[in-house]
Number of protein chains: 4
Amino acid sequence: MNSFGRIFRLSVFGESHGSAIGLVIDGVPPGISLSASDFEHDLSRRRSGAQGTTPRKEADLPKIISGIYKEKTTGAPLTILFENSDVRSSDYASLLTTPRPGHADFTAGKKFKGYADPRGGGHFSGRMTLALVAAGVVAKKIIAPVNITSEILEIGGETDIQKALDAIAGTGDSIGGIIQCTASGIPVGLGEPFFDSAESLISHLVFSIPAIKGIEFGSGFNAARMKGGEHNDPILDASGKTLTNNAGGINGGISNGNELLFRVAVKPTSSIGLPQETLDLKSGKTGTLQIQGRHDTCIALRMPVILEAATAIVLADLGFLAGSSSL
Amino acid sequence: MNSFGRIFRLSVFGESHGSAIGLVIDGVPPGISLSASDFEHDLSRRRSGAQGTTPRKEADLPKIISGIYKEKTTGAPLTILFENSDVRSSDYASLLTTPRPGHADFTAGKKFKGYADPRGGGHFSGRMTLALVAAGVVAKKIIAPVNITSEILEIGGETDIQKALDAIAGTGDSIGGIIQCTASGIPVGLGEPFFDSAESLISHLVFSIPAIKGIEFGSGFNAARMKGGEHNDPILDASGKTLTNNAGGINGGISNGNELLFRVAVKPTSSIGLPQETLDLKSGKTGTLQIQGRHDTCIALRMPVILEAATAIVLADLGFLAGSSSL
Amino acid sequence: MNSFGRIFRLSVFGESHGSAIGLVIDGVPPGISLSASDFEHDLSRRRSGAQGTTPRKEADLPKIISGIYKEKTTGAPLTILFENSDVRSSDYASLLTTPRPGHADFTAGKKFKGYADPRGGGHFSGRMTLALVAAGVVAKKIIAPVNITSEILEIGGETDIQKALDAIAGTGDSIGGIIQCTASGIPVGLGEPFFDSAESLISHLVFSIPAIKGIEFGSGFNAARMKGGEHNDPILDASGKTLTNNAGGINGGISNGNELLFRVAVKPTSSIGLPQETLDLKSGKTGTLQIQGRHDTCIALRMPVILEAATAIVLADLGFLAGSSSL
Amino acid sequence: MNSFGRIFRLSVFGESHGSAIGLVIDGVPPGISLSASDFEHDLSRRRSGAQGTTPRKEADLPKIISGIYKEKTTGAPLTILFENSDVRSSDYASLLTTPRPGHADFTAGKKFKGYADPRGGGHFSGRMTLALVAAGVVAKKIIAPVNITSEILEIGGETDIQKALDAIAGTGDSIGGIIQCTASGIPVGLGEPFFDSAESLISHLVFSIPAIKGIEFGSGFNAARMKGGEHNDPILDASGKTLTNNAGGINGGISNGNELLFRVAVKPTSSIGLPQETLDLKSGKTGTLQIQGRHDTCIALRMPVILEAATAIVLADLGFLAGSSSL
């Protein structure tokens, strides 16, 4: 379903080439200062325009529909709309019959019996992450002074990001990347035993983001090759500070007071300028597809702020839970 | 919270050294044949006893408390208990004041204000995965003929598993591993757009399992170093069959009819026989901890059937959702 | 929280004097014909204008933001906005300090620490029922051919409705009423055992509607004075048809195939033209309040279509559940 | 589904004539003193034995399976079992083909395709309310010092309860009743706007109880015949105290600090000793049914403590929500 969270509950809606995309957040505490300008910093970090990102330009102006009175949250549902303006739907007309490899065209077509909005990926568009980033802005205010940062560790296999962009430029192909997200200042005790572990909720939300192929916490996949004696993080003091952080800030699904740390793998953008083989649903035969439209060469470049938002949303939800049950 | 799923809803309860651990499943369709013997195969795969696993021996006999009449499910909640028998709680008495590195002792202690059951990790014990495996047995019946298998790809960095076990034997240390899980026969259309993508739900449940540090679908972390032209899986026919399977069987969060494929990283068992530095909560100073008790050298060895169960549980839940909404 | 339902999930948002009120429905099946004109009939039944209703005039034009493509539902979240136009917020300025008896001014003020939007009741306004009616239009399409009707049994204690309106006109006071809702064509089997009985879900949603004070199913409160021999409905044939319908169409929380039948009590509108005693929060003393603004003399008059909507929403949610689990 | 609540979450399971009925509560705060003896008082109030109640005798000894360590709650799921002992299943053998009027035999048979446990009503038995009462004991501890009481206002249309019992004794027929429940000491602010109003949650849970036909808050159905000027409760002081309590302690779905007050109608027990007409599913014709087994003449007599439990459970859930969001 299109909602996430138990107390800080986020719902998203909209389509890439519809009239608007938007979000409703239920459970925002009253009295938080919030105005359209608060969103500008994070929205601009997500926005396209830099080398390697799509030339589609959207103003991304948040229109606050409900939940605010005199620039303070009221405690009622907070609704924000982003109108779509720079839409070129004719680019996508042919995709109804020739599903793009790597996209949801085929699966959404089947699941929704041919009624899914095909324009720009419809509800499956990466543009939906705009709603996540907006929700993240609100969540960050709630969880202050927790500090969340993300960085691109590599794209196209290179840690020199500019070098990777220069290499792919003009080829018509796309590249992926690895992003690391950290959060500090988290109290001990966020996360629930078993099904709602901190890792469970973060991974749940992170895999909502299109193009994510993997996630690892702390030592991650390297843990598989470590010994217990080196992997266990010695506890140094009563605050829970540990000498190493292989745990990624989480033990038993619960925050341990150290830095929360995870990395994700982002696949290369599925929309590429090269001809591809795919099925023609009308003829039932395969043929060559040449995708038109405007796309990101490396969607990973726009991912850091989205991961920060996802982290903030989970922490906002867990913080309330913690507040309500046991912290 | 201790429940998972929207329609096929699983709740688990119990502690490692309490009277029993158990599960309730709400949403089991009526008329499914089910008796205690149906659980034996999967439970024995999870059970300890082989080299590298704990010498704690539990009979793991499922006691069906509700939801069955004349060996058929009734549609009412299905409750199963596993009594704990081989309990040596005195092993854990000292852990109240000296939290074990890598375990939930410190975080659970803080979160639950000192009231958490410390014996054998209490509710945070790996023994809780017994409930997952039992639920998996029921889920597998529901999603038949979907076929789920898991295999150990490596432990301790070795693909020769016996060699890895021999190397760690007698050292008092522990090793981790990587497990791959695949499921075939899944129809196109399972998974929901955005928040309840198939990856989101699987990763949510998989990270409930103690000791998991990472998960990747299809190409996984390798995707970060691939180009779009090689990563996109060409669609071959109207069933959705693709030439390659970098997607891991999922596009846009929805099953595409190909094999579902994911891998997880399992950390080395946190309980080791070597002396470790940790905090003494009474003195507020660090000291040396020597863990007694019985433990697995390589918990990854017991993981394959648990991952299969997690996969089956998600598919059972998604299958119903799909059945109810759009498939 | 501001959402209802498990599969057909409705969220509402907005304030009486904000920019708009609206709704998001998650779980609408794809392929249902839907356009703005489909809402006109039910919205007009809820709209004010007749004798006994508020002179506030709103066009109530639904603006479909998402979830529709070529006038068919897509399966993605359906979002509908109703812009507020005829707003006179100055009417409510004084209510910040003098809470109106019978309204949520005092409780919302406390709960939301003074940040709740006070204008026209804000999120607590009866105007929010517009979202329910709109959701009901969609739900009715899903559950067709179930037929739901409502009728006013009495207002102001009179079954002659015009007589009651004439008696209250010009007095500045308000009156309540009793409404009956029936639904026919419901299959046997909707409703879940115990917590999600059909009565539980219907009453849950009905008590969301402002001004409802009671609900009874079938024989209702009269059942308390009946004997079992007269109350039990004899089953006549294999369709489940019963001779009498004291059950109100539900046994054990599950629809029995007969007419679903319930009645609700609606209190007299809290906003009246008469002077009332209330607390002045500034002085801490009681004083006389004279409510300005425009209000309904008898809110029960606008209730029938709202109750139909509530019933349709529950049936849509239950129908999906039934479809997914056991019917 | 068989669970209720968002934070204080209750799941129930079991069948009347199965091995046990039980409950799991997720979200119990740690550190609450709890032992089997704490349940005795409320369980004895629900238990049969007095005139007008079934001669079936169950010891109703709570067996705490999980969530307790050293007689304090741990914060992990609390599981309690009640074993069924005094079971006479042969009494119900014929009911598979002749559904009892007023019971769930017909609807459960259809919904669960003939697989529902028919013995004593199976999962639809009034015996399931034992789980509610047990959960209520825990909830009452959490919400202390809120004080909840219930009283029987009338049975069989008589306020003299003994007179009503004497009149029905020996007739083989059954009678219903009206129960009033009040709760004092509730802080202002419990309940959520719109869908999770206090009335919505209470009525949701109350209609889970078998035999309830109606519920009304405060003035209830009488409100339909009152004028606004008399129905509005004047607010007297800053604590929210009102002169009258037509609101039943709730405004806008949120507790207003006054006494919470509601009444329910209980139907006459469906199982009666008189011959009844019903369908014979084998022949497809109607015939006469003579119910054997042991039953309550007036189930309303056992209802007060069940309603208290339901109220406490809702308040425990709302209290946490309030704690986490805005109070």
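Residues numbered from 1 in each chain as written. Chains lettered and ligands numbered in written order. Predicted model: local features only at pLDDT ≥ 70, side-chain atom pairs only at ≥ 80, totals over all residues. Heavy atoms only, no water.

**Student:** Mind showing me how you'd approach the overall build of chain A here?
**Tutor:** Across its full length, chain A holds seven helices and 15 strands. Seen along its three principal axes, the alpha-carbon backbone of chain A occupies a region of about 65 × 55 × 35 Å. In chain A, which comprises 327 residues, the proportion classed as buried is 67%. Within the structure as shown, chain A displays about 10,000 Å² of accessible surface, and the carbon and sulfur contribution to it stands at 51%. If the 30 positive side-chain charges of chain A are averaged to one point and the 32 negative ones to another, these points end up 6 Å apart. (Helix = DSSP H or I, 4+ residues; strand = E, 2+ residues; numbered from the N terminus. Buried < 20%, exposed > 50% of the residue type's maximum accessible area, 1.4 Å probe, protein only. Areas by Shrake-Rupley, 256 points an atom, 1.4 Å probe, with all protein chains shown as cover. Lys, Arg positive; Asp, Glu negative; His and termini not counted. Charge placed at Lys NZ, Arg CZ, Asp CG, Glu CD.)

**Student:** Help me understand the interface of chain C and chain D in this model?
**Tutor:** Accessible area lost upon the coming together of the parts serves often as the stated size of an interface. With 99 residues of chain C at the contact, the number on the chain D side is 100 residues. Carbon and sulfur atoms supply 63% of the area buried between chain C and chain D, which totals about 7,800 Å² over both sides. The three residues of chain C that bury the most area against chain D are C:Lys111, C:Phe194 and C:Phe195, which together make up 12% of that side's buried surface. For the salt bridge of C:Glu192 with D:Lys111, the shortest nitrogen-to-oxygen distance reads 3.3 Å. Applying the counting rule to chain C against chain D returns 39 residue pairs in polar contact (both at pLDDT 80 or more). It is helix α5 (residues 198-206) of chain C that contributes the most residues to the side of chain C that touches chain D, six residues altogether. (Contact = heavy atoms within 4.5 Å. Buried area = accessible area lost by both parts, 1.4 Å probe. Salt bridge = Lys/Arg side-chain N within 4 Å of Asp/Glu carboxyl O. Polar contact = N/O pair within 3.5 Å; in protein donor to acceptor, adjacent residues only side chain to side chain.)

**Student:** Where do I start with the nonpolar core in this structure?
**Tutor:** Core analysis: the biggest nonpolar cluster contains 143 residues, and C:Leu23, C:Ile215, D:Leu23 and D:Ile215 have the highest contact counts within it. Per-element accounting of this core gives the leading share, 11 residues, to helix α3 (residues 129-143) of chain D. Those residues within four positions of C:Leu23 in sequence are excluded, and the remaining contacts are C:Leu10, C:Ser11, C:Val12, C:Phe13, C:Leu78, C:Thr79, C:Ile80, C:Phe82, C:Ala131, C:Ala134 and C:Ala135. Residues A:Phe8, A:Leu34, A:Val133 and B:Leu43 belong to the second largest nonpolar core, which totals 142 residues. (Core = buried A, V, L, I, M, F, W, Y, C linked by side-chain atoms within 4.5 Å.)

**Student:** For this particular structure, what's the right way to read the relation of the copies chain C and chain D?
**Tutor:** Between the two chain copies there is a screw-like relation: a rotation about an axis and a shift along it. If you rotate chain C by 180 degrees and push it 0.0 Å along the axis, it lands on chain D with an RMSD of 0.0 Å. Both copies are brought into coincidence by an operation consistent with a two-fold rotation axis. Residue by residue, 100% of the interface of chain C is reproduced at the interface of chain D, so both copies engage with the same surface. (Least-squares fit on C-alpha atoms with pLDDT ≥ 70 in both.)

**Student:** Honestly, the sheet that holds strand β3 (residues 20-26) of chain A in this entry has me stumped. Any pointers?
**Tutor:** Strands in a sheet are paired, the pairing made by backbone hydrogen bonds, and the direction either parallel or antiparallel. Residues and elements named next belong to chain A. The strand order across the open sheet built from five strands is β1-β2-β3-β7-β4, with neighbouring strands paired in antiparallel fashion. Here the strands that pair on one side only, and so sit at the sheet edges, are β1 (3-4) and β4 (63-66). The pairing of β3 with strand β7 (residues 78-83) spans six bridges and is antiparallel. By the bridge assignment for β7, Leu23 is matched with Ile80. (Pairing = 2+ DSSP bridges.)

**Student:** Got a minute to help me understand the packing of aromatic side chains in this structure?
**Tutor:** To describe a pair of aromatic rings, one takes the distance between the centres and the angle between the planes. Residues and elements named next belong to chain A. Tallied over the full model, the rule gives 22 aromatic pairs over all chains. With centroids separated by 6.4 Å and ring planes inclined at 50 degrees, the aromatic side chains of Phe112 and Phe124 adopt a geometry described as tilted. Of the two residues, Phe112 is situated in the loop between α2 (105-111) and α3 (129-143) and Phe124 in the loop between α2 and α3; the sequence distance between them amounts to 12 residues. Exposure class is identical for Phe112 and Phe124. Each is buried. (Phe/Tyr/Trp six-rings, centres within 6.5 Å; stacked < 30°, edge-to-face > 60°.)

**Student:** Hey, could you run me through the environment of C:Gly284 in this one?
**Tutor:** Residues and elements named next belong to chain C. The residue Gly284 is located in the loop between β14 (276-280) and β15 (285-289) in this model. Residue class for Gly284 comes out partly exposed when judged on its relative accessible area of 46%. Linking Gly284 and His41, residues 243 residues apart in sequence, is a C-alpha distance of 47 Å.

**Student:** Quick question: what am I supposed to make of the confidence of the model for chain A here?
**Tutor:** Close inspection of predicted coordinates is inappropriate for parts of the model with low pLDDT. All names here are of chain A. Looking at chain A, pLDDT values average 92 and 95% of them are 70 or higher. The low-confidence segment residues 321-327 (pLDDT under 50) makes 21 contacts with residues lying over four places distant or belonging to another chain. If you check the scores for this complex, the pTM reads 0.96 and the ipTM reads 0.96. (pLDDT = per-residue confidence, 0-100.)

**Student:** So what exactly am I meant to see when it comes to the sheet that holds strand β2 (residues 9-14) of chain B here?
**Tutor:** Pairing is antiparallel in the open sheet, where five strands are placed in the order β1-β2-β3-β7-β4 (chain B). One side of each edge strand has no neighbouring strand; the edge strands of this open sheet are β1 (3-4) and β4 (63-66) of chain B.

**Student:** Help me understand unusual backbone geometry in this model?
**Tutor:** For residues that are not glycine, phi is negative in most cases, and the peptide bond is trans in most cases. C:Ala144 connects to C:Pro145 through a cis peptide bond whose omega is 10 degrees. Mapped onto the fold, C:Pro145 is located in the loop between α3 (129-143) and β8 (147-155). With phi around 90 degrees, B:Ala211 is a residue other than glycine that occupies positive phi space. For B:Ala211, the position within the fold is in the loop between α5 (198-206) and β10 (212-217). Even without being a glycine, D:Phe194 presents a positive backbone phi close to 55 degrees. Tracing the chain through its elements places D:Phe194 in the loop between β9 (177-184) and α5 (198-206).

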